[in-house]
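# Fold and contact review
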Amino acid sequence: MRLITHNMLSCNIKGVTNGFPLKIEAEKVIEKEVDFNPDFLRHMFAKIEWKALAEAARSMGYAELPDDSPDAAVIESADETFLRKLHHALLELHLEEGALVCPETGRKFPVNKGIPNMLLHEDEV
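Criteria and cut-off values
- Residues numbered from 1 in each chain as written.
- Predicted model: local features only at pLDDT ≥ 70, side-chain atom pairs only at ≥ 80, totals over all residues.
- Heavy atoms only, no water.
- UniProt positions renumbered as here; feature names shortened; annotations may be inferred.
- Helix = DSSP H or I, 4+ residues; strand = E, 2+ residues; numbered from the N terminus.
- Buried < 20%, exposed > 50% of the residue type's maximum accessible area, 1.4 Å probe, protein only.
- Polar contact = N/O pair within 3.5 Å; in protein donor to acceptor, adjacent residues only side chain to side chain.
- Contact = heavy atoms within 4.5 Å.
- Core = buried A, V, L, I, M, F, W, Y, C linked by side-chain atoms within 4.5 Å.

Under an unreviewed UniProt entry, the protein has the name Multifunctional methyltransferase subunit TRM112 homolog A and belongs to Raphanus sativus. Comment text from UniProt for the protein, heading Sequence similarities (unreviewed entry), reads "Belongs to the TRM112 family." Heading Subunit (unreviewed entry) of the UniProt record for the protein holds this comment: "Interacts with TRM9."

## Some remarks on the side chain of H88
With respect to the helices, strands and loops of the structure, H88 is situated in helix 5 (residues 80–92). Residue classification places H88 among the buried positions, given a relative accessible area of 14%. Only 2.8 Å separates the side chain of H88 from the side chain of E92, close enough to count as a polar contact. Sequence-distant contacts of H88, that is, excluding residues within four places in its chain, are made with E31, Y62 and L93.

## Side note on the nonpolar core
Membership of the largest hydrophobic core comes to 34 residues, with the highest contact counts inside it found for L3, W50, L53, L86, L90 and L100. Contributions of two or more residues to this core are made by helix 1 (3–6), helix 2 (38–45), helix 3 (50–59), helix 5, strand 2 (93–101) and strand 3 (108–112). For this core, the element with the most residues is helix 5, which contributes six residues. Sequence-distant contacts of L86, that is, excluding residues within four places in its chain, are made with L41, F45, W50, L53 and L65.

As structure tokens, then:
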């Protein structure tokens, strides 16, 4: 599971009001090379919840992103170094094995072979 996917997932258990961001418990992280596309990154930047991305990247062993979100204007004129770091975090880091944890309930959603299982139990619907 890529961090771009993680950034869009939340816990949908009935009654949960604070289901984002899911915490990552990484057991196995792999890196897969993806073609660099700066235009895609600039377009996606506005849709990304920065603090969640930076925290998720750190939990997977990647500490190259700043804690605070860069200004959108900075992204438009950003040098390639920053965009490559963003690219690596969003698209090349994969959570292969581990769990996503609801910040409110502590419920763990397993991630196996890179696929998060977000199915709810009957009592959670």
